[in-house]
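# Examining the three-dimensional arrangement
This is what each chain is made of:
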Amino acid sequence: MTAIHCHQLCKTFRQGDEIVTGLDHVDLDIAAGEFVCLSGPSGSGKTTLLNAIGGLDTPDSGEIRMGDIRIDQLERGALADVRLHHIGFVFQAYNLIPVLSARENVEFVMQVQGVPARERAQKARAILAEVGLDGLEDRRPAQLSGGQQQRVAVARAIVSQPDLVLADEPTANLDSVASKHLMGLFVELNSNHHVTFVIATHDKRVMSYARRLIRMQDGRIVSDEAQ
Amino acid sequence: MASPHLHFITLLTLSWRNLWRNKRRTAIMLGAISVGVWAMIFMTALMRGMVDDMINQGIRNLPGHIQLQNPSYLDDPSVTNSIAAPDDELRAALDGLGAARWATRIKVPAVIASERETRGVNLIGVDADAESDISGLPQHISEGRFIESDDDGGIVIGARLAEHLETRLGKRVVVMSQDPDNNISERGFRVVGIYRAKLPELEEFNVYAGRDTLQQLLGIEGRVSQIIIMGDDYRDLETLYQRLLAVLPDGLQARAWYQVDRYLAAMYNMMDGFVLVWIVIIFLALSFGLVNTLVMAIFERVREIGLIQALGMRPALIVYQILLESLLLLLIGLAAGNLLALISIQPMQDGVDVSVVAEGMAMMGAGSVLYPKLILSDMLLANVVVILLGILTSILPAWRAAQLDPVRALNTT
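Let me begin by describing the structure that accompanies this report. Everything quoted here is computed from the prediction, not taken from an experiment.

### Remarks on the overall build of chain A
Helix and strand content of chain A: 7 helices and 10 strands. For chain A, whose C-alpha radius of gyration is 17 Å, the value lies close to the compact-globule estimate of 17 Å for 227 residues. Taking the principal axes of the C-alpha coordinates as reference, chain A spans close to 50 × 40 × 40 Å. Every one of the 227 residues in chain A was classed for burial, and the buried ones make up 57%. Counting only contacts in chain A whose residues sit at least 6 apart along the sequence, the fraction spanning at least 24 positions is 68%. Of the roughly 9,600 Å² of accessible surface on chain A, a fraction of 46% belongs to carbon and sulfur atoms. Taken together, the 23 basic and 29 acidic charged side chains of chain A have centroids lying 5 Å from each other.

### Thoughts on the overall build of chain B
Along chain B, the regular secondary structure elements total 15 helices and 14 strands. Against the compact-globule benchmark of 22 Å for 413 residues, chain B has a radius of gyration of 31 Å, which places it well outside the compact range. Each principal axis of the C-alpha distribution contributes one length, and for chain B these read about 95 × 45 × 35 Å. Across the 413 residues of chain B, 52% fall into the buried class.

### Here we look at the state of the cysteines
Residue and element names in this part refer to chain A. This structure, assessed with the given rule, holds 0 disulfides over all chains. Its sulfur unpaired, Cys10 is 12 Å from the next cysteine sulfur, which belongs to Cys6. The class for Cys10 is buried, based on a relative accessible area of 12%. Cys37 forms no disulfide, and the closest cysteine sulfur to it belongs to Cys6, at a distance of 16 Å.

### Things to note about the nonpolar core
Leu94(B), Ile112(B), Leu123(B), Ile155(B), Ile157(B) and Ile229(B) are the most contacted members of the largest nonpolar core, which totals 89 residues. When residues of this core are assigned to their parent elements, the largest contribution, 16 residues, is made by helix α2 (residues 23-61) of chain B. Those residues in contact with Ile157(B), other than ones at most four positions away along the chain, are Ile112(B), Ala162(B), Thr167(B), Val191(B), Gly193(B), Ile194(B), Tyr195(B) and Val207(B). Among the nonpolar cores identified, the runner-up in size contains 57 residues, and Ile30(A), Leu84(A), Ile97(A) and Leu14(B) belong to it.

### A short note on a nonpolar patch on the surface
All names here are of chain B. Where nonpolar side chains cluster on the molecular surface, the patch consists of Leu392, Ile395, Leu396 and Trp399 and spans about 420 Å² of accessible area. With respect to the helices and strands, Ile395 occurs in helix α14 (residues 376-402). When its relative accessible area of 37% is taken as the criterion, Ile395 is described as partly exposed.

### A look at the interface of chain A and chain B
Each partner contributes to the interface: chain A provides 31 residues, whereas chain B provides 30 residues. Across the interface of chain A and chain B, roughly 2,500 Å² is buried in total on both sides, 60% from carbon and sulfur atoms. Three residues, Arg76(A), Val99(A) and Phe108(A), lead the burial of chain A against chain B; their summed loss comes to 23% of the area buried on that side. In this assembly, chain A and chain B are joined by 2 salt bridges. A salt bridge links Glu104(A) to Arg17(B), with the nearest nitrogen and oxygen atoms 2.4 Å apart. Where chain A touches chain B, the interface holds 8 residue pairs in polar contact (both at pLDDT 80 or more). Only α2 (76-86) and α3 (102-113) of chain A provide two or more residues apiece to the side of chain A that touches chain B. Per-element tally for the side of chain A that touches chain B: the top contributor is α2(A), with 7 residues.

### Observations regarding the packing of aromatic side chains
Residues and elements named next belong to chain B. Applying the stated rule across the entire model yields 11 aromatic pairs over all chains. Ring-pair connections join several aromatic residues into one group, and the members of that group are Tyr234, Trp257, Tyr258 and Tyr268. Of note, Arg187 hangs over the ring of Phe189, and the distance from its end group to the ring centre comes to 4.8 Å.

### Quick notes on the environment of Arg262(B)
Here Arg262(B) shows up in helix α10 (residues 262-300). Sequence separation between Arg262(B) and Ala209(B) is 53 residues; the distance between their C-alpha atoms is 26 Å.

### Some points on the pairing of strand β9 (residues 212-217) of chain A
Every other side chain in a regular strand lies on the same face of the sheet, so the side chains alternate between the two faces. Residue and element names in this part refer to chain A. Relative to β9, strand β3 (residues 35-39) runs parallel, the two sharing 4 bridges. By the bridge assignment, Val36 is partnered in β9 with Arg212. Bridging between β9 and strand β10 (residues 220-226) involves 6 bridges; their strand directions are antiparallel. Pairing of Arg215 across the sheet is with Ser223, part of β10. Linking β9 to β10, which pair antiparallel, is a turn of 2 residues; within it Asp218 sits at a positive phi near 50°.

### Things to note about the packing of α10(B) against helix α12 (residues 315-345) of chain B
All names here are of chain B. Where α10 meets α12, the closest approach of the two axes is 11 Å, and the angle between their N-to-C directions is 135°. One element, α10, and the other, α12, form an angle in the oblique class. Two packed elements cross with a definite hand, and for α10 against α12 that hand is right-handed. Seen from α10, the contacting residues are Leu290, Thr293, Leu294, Ala297 and Ile298; seen from α12, they are Ile322, Glu325, Ser326, Leu329 and Leu330. Partitioned by chemical class, the residues of the contact of α10 with α12 number 7 nonpolar, 2 polar and 1 charged.

The rules behind these values
- Residues numbered from 1 in each chain as written.
- Chains lettered and ligands numbered in written order.
- Predicted model: local features only at pLDDT ≥ 70, side-chain atom pairs only at ≥ 80, totals over all residues.
- Heavy atoms only, no water.
- Helix = DSSP H or I, 4+ residues; strand = E, 2+ residues; numbered from the N terminus.
- Rg over C-alpha atoms; globule rule 2.2 N^0.38 Å.
- Buried < 20%, exposed > 50% of the residue type's maximum accessible area, 1.4 Å probe, protein only.
- Contact = heavy atoms within 4.5 Å.
- Areas by Shrake-Rupley, 256 points an atom, 1.4 Å probe, with all protein chains shown as cover.
- Lys, Arg positive; Asp, Glu negative; His and termini not counted.
- Charge placed at Lys NZ, Arg CZ, Asp CG, Glu CD.
- Disulfide = S-S within 2.5 Å.
- Core = buried A, V, L, I, M, F, W, Y, C linked by side-chain atoms within 4.5 Å.
- Patch = residues over 30% accessible without salt bridge, like charges linked within 9 Å, V, L, I, M, F, W, Y side chains within 5 Å.
- Salt bridge = Lys/Arg side-chain N within 4 Å of Asp/Glu carboxyl O.
- Buried area = accessible area lost by both parts, 1.4 Å probe.
- Polar contact = N/O pair within 3.5 Å; in protein donor to acceptor, adjacent residues only side chain to side chain.
- Phe/Tyr/Trp six-rings, centres within 6.5 Å; stacked < 30°, edge-to-face > 60°.
- Lys NZ or Arg CZ within 6 Å of the ring centre and 35° of its normal.
- Pairing = 2+ DSSP bridges.
- Axes fitted to C-alpha atoms, helices over the stretch in contact; angles between N-to-C directions.
- Parallel < 35°, antiparallel > 145°, perpendicular 65-115°, else oblique.
- Left-handed = near helix turned anticlockwise from the far one by under 90°.
- Nonpolar A, V, L, I, M, F, W, Y, C, P; charged D, E, K, R; others polar.

Here it is in structure tokens:
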């Protein structure tokens, strides 16, 4: 089954007086359960593609489908619902809510989804234990290290078992040990729970985990190889 | 779809914690709201107290809370529009009105003349025993005495009238008025008392004599102009009014003070409008701080707003969350402001001496001791205005936050 279908995606940005091409007629199909890495130099369009797939950004033209849902035509509220119920995000800069504890950050998405309190507390504790944060549930982000914060972000992204996890440079701020641990976690989730992963990265170590590697340059897909 | 209850708890948690992120800023804003609300309630209580005093003085001076009179008397307050003095049945009914006190009066236009000057006045014939309960005028006698009996041959005039007439205590004056046949009736009176009123104008126009004496002068034995009834509170006359209607004989009309004295009624109504304007003006000053606080709070966490959008929070929920934050701020500020107002007004219940500005107060018809009057409806009005307008002024910053582009917001440093 196709998880993501992109057809002729185009996106340009204005940077001062210049028009910069973010995506240039991108065609891409990602099947459910795939583990895909997007690689390429800065400005090659990796993040733009992730944002378009996640409904955070709207393409200038082209079509994006997630299953039967036409992402590029949804209004803001409906897009928010798609992200809430189908997509987990892991950002480069952790992006946790600073006034909430680790457990509350993980529970946040489930709270908005309307999961009952007991169930979400159980799930949050279990997932935090799974990412190695047992005992740190009540700490706020400022009281956690970078690696720990990124693991909270991953826990938040996967706790409600989304169909798709979009990760943008998830290991950029992590040391090699933490990166290895995180990638191990992604692989396990992908293998055991069949969560589809699309990861944008520069990191060759991360690329080595991918079963499909897509290289981008100047907003175009220049190679798409199974590994 | 999540239940609204779950959303509310999520939003409440976020709002509460966000509120205390910058404790100093929140504390300053809470201080401003508290002081603003305190000022609204405290100053309103002082103004209410002053107007209350003015109205009570006005009511006690002439109209009473409710008057029984000839239906034509309001249009033509002449002696021809008098009513029969209450018979035993009506007396018993009036005595049975509970806390109400009552008295009869004759009130006709007249001319008073001394050896040197002549003035037009209201000639008022009073029931000597009952009058002190009704008007309290006997306590304002500055020289001499008040009318001691219904057939007292003396007259009591105001200090300013005495000045105009160039007369004084013990001198004789002549009073002229019309009898029911339009003939001039006149009689000499000795000035037995001079009074000072809080409203100096009253000193010029109201002169008092014995009721029976005036009945004889005007040839209206057994008749009076008005029956004055006093209840407990000029604001709450409905029960008394209804009881009165039940015992009212034909040919008498009951009129409340605000129907009799349009000036007092206008002042009372103006006060309600004035309170609202006062509250809104203070709120407008507050609203700048409130909007600034919210805008700063949003500006500081643009990235987080982008994050919660990315995580799937609908724009409407972001608006609710920021409005909830504003509401929490307002509610805490209101609680503190109300408490502050209660604490500061309570010790002033025995009155505040404003004799430094006694002359100005007297010109407005109020006394030199101010009794703050805290009315529940005024407190409610202040609270409702602050909450409603506070939420209204928060809508724009909240809406703008919800319209942030998530990608740009997430990339904000």
